[in-house]
Amino acid sequence: MKTNLITRQGYQELQEELDHLWKRYRPEITEKVSWAASLGDRSENADYHYNKKILREIDRRVRYLRRVLKEARVVDYSPQQEGRVFFGAWVEVENEQGEQLRFRIVGPDEIFKHKSYISIDSPMARALIKKAVDDEAVVATPTGLKTWYVNNISYQAALEK
């Protein structure tokens, strides 16, 4: 099941993508399709077929973004979250072998543009929710249970890299 939570930053990024696709990119591709169609026979017109394919992809993404943005529930930072891992937190964890990870827990639609973001629906995020610094989280992985220790929790967007 996919959670419909999203950070304010993530919502703005998806809105900007929608605006770009609908107001800039789609009109540009529509113009190319019209030009290619004006050349006559469309059956062997590569420009026409290629740009129609792009137009379908744009329309599919626009429909998806409109649905996601309509259903999304924006979650803003609250001072009550300090000291514990909740949605939107930057978390640093370490395992017993000394391997360290740093990531931000966000909505599932935000993870694709940022390498250091993980979905709230992931096993790691689920195991970390409500944990404090020095707590341990047991994460179910395909290779078995793994233990991670929380080293740091932050809610500052400025730390983003």
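Structural data are supplied above this passage.
Quick summary incoming for the structure in this document. Within each chain, residue numbers correspond to sequence positions counted from 1 in written order. Confidence filtering applies because this is a predicted model: local features only for residues at pLDDT of at least 70, side-chain atom pairs given and counted only at 80 or more, and all residues used for totals across whole chains, interfaces and linings. Water and hydrogen atoms were dropped before computing side-chain values, which therefore reflect all heavy atoms in the structure.

Some points on unusual backbone geometry
- The backbone of Lys-130 shows a phi angle near 75°, a positive value even though the residue is not glycine.
- By definition, any uninterrupted DSSP run of H or I lasting at least four residues is a helix, any uninterrupted run of E lasting at least two residues is a strand, and each is numbered from the N terminus. Tracing the sequence through the fold places Lys-130 in the loop between α3 (123-128) and β6 (136-141).
- Positive phi, normally seen in glycine, also occurs at Asp-134, with a value near 75°.

Section: the sheet that holds strand β4 (residues 100-106)
- For two strands to be treated as a pair, DSSP must find at least two bridges joining them. If you trace the five strands from one edge of the open sheet to the other, you get β5-β4-β3-β7-β6, paired in mixed fashion. Across the chains shown, the open sheet's two edge strands, defined by having one partner strand only, are β5 (117-119) and β6. Taking each pair of neighbouring strands and ignoring which way they run, the sheet shows an average axis angle of 45°.
- Alignment of β6 against strand β7 (residues 144-154), held across six bridges, turns out to be antiparallel. Pairing of Glu-136 across the sheet is with Tyr-149, part of β7. Each axis is a line fitted through C-alpha atoms, taken for helices only over the stretch in contact, and angles between the N-to-C directions span 0 to 180 degrees.

What about the packing of helix α1 (residues 8-37) against helix α2 (residues 46-71)?
- α2 packs onto α1 with a crossing angle of 155° between their chain directions and a minimal axis gap of 9 Å. Classified by the angle their axes make, α1 and α2 are roughly antiparallel. Crossing of α1 against α2: the hand is left-handed.
- Lys, Arg, Asp and Glu make up the charged group, whereas Ala, Val, Leu, Ile, Met, Phe, Trp, Tyr, Cys and Pro make up the nonpolar group; the residues left over, Gly among them, are polar. For the contact of α1 with α2, the class distribution of residues is 19 nonpolar, three polar and eight charged. We call two directions roughly parallel when the angle between them is under 35 degrees, roughly antiparallel when it is over 145, roughly perpendicular when it lies between 65 and 115, and oblique otherwise. Less than a right angle of anticlockwise turn of the near helix away from the far helix marks a crossing as left-handed, whereas a clockwise turn marks it as right-handed.

Taken by themselves, the reported measurements are silent on function.
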